[in-house]
Amino acid sequence: MGRIFDWIDERFRVKDPHRRFLQRPLPEGVNYLYCLGGVAFTLIIILLLTGLLLSLYYVPSEKEAYQSVLRITREVRLGRFVRSLHRWSANLLIVFIILHTLRVIIHRAYRAPRELNWVAGSLTLVVAFFSGFTGYLLPWDQKAYWATEVGTSMAATVPGIGRQLLYLLRGGPEVTGTTLIRFYSLHVLWLPLVMALLLWAHFHMVKRQGISGGL
Ligand code: HEM
């Protein structure tokens, strides 16, 4: 194993940054509460992997979406397990992001020079909420349909641009197959891309500024 790793290291130089990472000094008072952000990130990786697997069987069309989710749950090997893992991870992600935010508030880690990291973090929370909302429609059952009907109709109450926003989200005046495709595209492409960019900025700032100490 060691020889194989050395062969890879000679070509990719993986050891050096890893060593720098492990030897980075940490402030005093760092404890398990500082793992909450890492747990949220682990959940995002699980969501990505299970989402990739689900996309092999899910069909984002008005006619087939519901049946394809039933097939995943009842017929595909480990389908129910992968789907449940995806749903649980999505719910837990929101819980852990909120816990991580509370840790940041309690330790007052939002103060200078970390204000921008607070903003980047808050935006990831918004993206996580929208990912959950768009994912909720994908099973295309009654619960999903009516939740989206109610959720998107809230957009219509925004002063001035409400109607345009509603049409933009639904792809028309009603929740239809066009809405399903729009939500699918947001859920698997647009939102993960924005999330990746925000997390890159978030981690870059954590690396450059270092972790703040305790209270
Ligand atoms: C998917 C969402 C998020 C992930 C994966 C994530 C991940 C992380 C990680 C791994 C760290 C370093 C270790 C730690 O403090 O836990 C961190 C630090 C930080 N995060 Fe997040 N975070 C997320 C969302 C948020 C949110 C919603 C906020 C605030 C509204 C936020 C604000 C911060 C700040 C200010 C720091 C620096 C803390 C310090 O230096 O003590 N993050 N984040």
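Only a predicted model underlies this, so the values are computations on that prediction, with no experimental measurement involved.

Conventions adopted
- Residues numbered from 1 in each chain as written.
- Predicted model: local features only at pLDDT ≥ 70, side-chain atom pairs only at ≥ 80, totals over all residues.
- Heavy atoms only, no water.
- Helix = DSSP H or I, 4+ residues; strand = E, 2+ residues; numbered from the N terminus.
- Contact = heavy atoms within 4.5 Å.
- Areas by Shrake-Rupley, 256 points an atom, 1.4 Å probe, with all protein chains shown as cover.
- Donors = N, O, S within 2.8 Å, 3.2 Å for Na, K, Ca; no water.
- Tetrahedral: all angles 85-135°; square planar, octahedral: opposite > 155°, others 65-115°.
- Buried < 20%, exposed > 50% of the residue type's maximum accessible area, 1.4 Å probe, protein only.
- Phe/Tyr/Trp six-rings, centres within 6.5 Å; stacked < 30°, edge-to-face > 60°.
- Lys NZ or Arg CZ within 6 Å of the ring centre and 35° of its normal.
- Axes fitted to C-alpha atoms, helices over the stretch in contact; angles between N-to-C directions.
- Parallel < 35°, antiparallel > 145°, perpendicular 65-115°, else oblique.
- Nonpolar A, V, L, I, M, F, W, Y, C, P; charged D, E, K, R; others polar.
- Salt bridge = Lys/Arg side-chain N within 4 Å of Asp/Glu carboxyl O.
- Near = heavy atom within 4 Å.
- Polar contact = N/O pair within 3.5 Å; in protein donor to acceptor, adjacent residues only side chain to side chain.
- Expected span 1.5 Å × (residues − 1).

Caption draft 1: Fine view of the overall build of the protein chain. Of the regular secondary structure elements, the protein chain holds 9 helices and 0 strands. Going from the N terminus to the C terminus, the protein chain shows its helices and strands as α-α-α-α-α-α-α-α-α. Dimensions of the protein chain, computed from the C-alpha atoms along their principal axes, are close to 55 × 50 × 30 Å. Long-range pairs, those at least 24 residues apart, make up 66% of the contacts in the protein chain between residues at least 6 apart in sequence. Carbon and sulfur atoms provide 68% of the accessible area of the protein chain, an area that totals close to 14,700 Å².

Caption draft 2: How the structure looks around the coordination of the iron atom of the ligand. Coordination of the iron atom of the ligand by the protein involves His-100 (NE2) and His-202 (NE2), with metal-donor separations of 2.0 to 2.1 Å. Considering all 6 donor atoms around the iron atom of the ligand, the spread of angles at the metal, 86 to 179°, places the coordination shape in the octahedral class. Note that His-100 is positioned in helix α5 (residues 79–106) and His-202 in helix α9 (residues 177–209), a separation of 102 residues in sequence. Among the residues examined, His-202 registers a relative accessible area of 14% and is labelled buried.

Caption draft 3: Broad picture of the packing of aromatic side chains. Following the criterion strictly, the structure yields 6 aromatic pairs and no others. Ring centres of Tyr-110 and Trp-118 lie 5.8 Å apart, and the angle between their planes is 70°; on these two criteria the pair is classed as edge-to-face. On the accessibility criterion, Tyr-110 (31% relative accessible area) is partly exposed. Taken together through their ring pairs, the aromatic side chains of Trp-140, Tyr-145 and Trp-146 make up a single cluster. We note Arg-103 situated over the ring of Tyr-34; from NZ or CZ to the ring centre the distance is 4.0 Å.

Caption draft 4: Inspection of the packing of helix α4 (residues 65–74) against α5 at higher detail. Orientation of α4 relative to α5, taken along the N-to-C sense of each, is 110°, at an axis distance of 5 Å. Taken as axis vectors, α4 and α5 run roughly perpendicular relative to one another. Along the contact surface, α4 presents Val-69, Ile-72 and Thr-73, while α5 presents Gly-79, Arg-80 and Arg-83. Looking at the contact of α4 with α5 residue by residue, the class counts come to 2 nonpolar, 2 polar and 2 charged.

Caption draft 5: Highlighting the pattern of salt bridges. Under the definition given, this model contains 3 salt bridges. Note that Asp-6 and Lys-15 form a salt bridge whose closest N and O atoms lie 3.3 Å from each other. Under the relative-accessibility criterion, Lys-15 is labelled partly exposed at 30%. A salt bridge links Arg-170 to Glu-149, with the shortest nitrogen-to-oxygen separation between them at 3.7 Å. On the criterion of sequence distance, the pair formed by Arg-170 in helix α8 (residues 162–170) and Glu-149 in helix α7 (residues 142–155) is long-range, its members being 21 residues apart. Taking the relative accessible area as the measure of exposure, Arg-170 reaches 4% and is therefore buried.

Caption draft 6: How the structure looks around the site of the ligand. Taken together, the neighbourhood of the ligand is formed by 26 residues, with Tyr-34, His-100, Arg-103, His-202 and Ser-212 sitting nearest. Interatomic distance of 2.4 Å between a side-chain N/O atom of Arg-103 and an oxygen atom of the ligand. At a separation of 2.9 Å, an oxygen atom of the ligand approaches a polar side-chain atom of Arg-114. Within the residue set of the shell around the ligand, elements represented by two or more residues are α3 (36–54), α5, α6 (115–137) and α9.

Caption draft 7: A look at α9. Here α9 is 33 residues long and its end C-alpha atoms lie 46 Å apart, about the 48 Å a rise of 1.5 Å per residue gives. Of the residues making up α9, those classed as buried are Gly-177, Thr-179, Leu-180, Phe-183, Tyr-184, His-187, Leu-191, Met-195, Leu-198, Leu-199, His-202 and Met-205. Residues of α9 that are buried sit in contact with α3, α4, α5, α6, α7 and α8.

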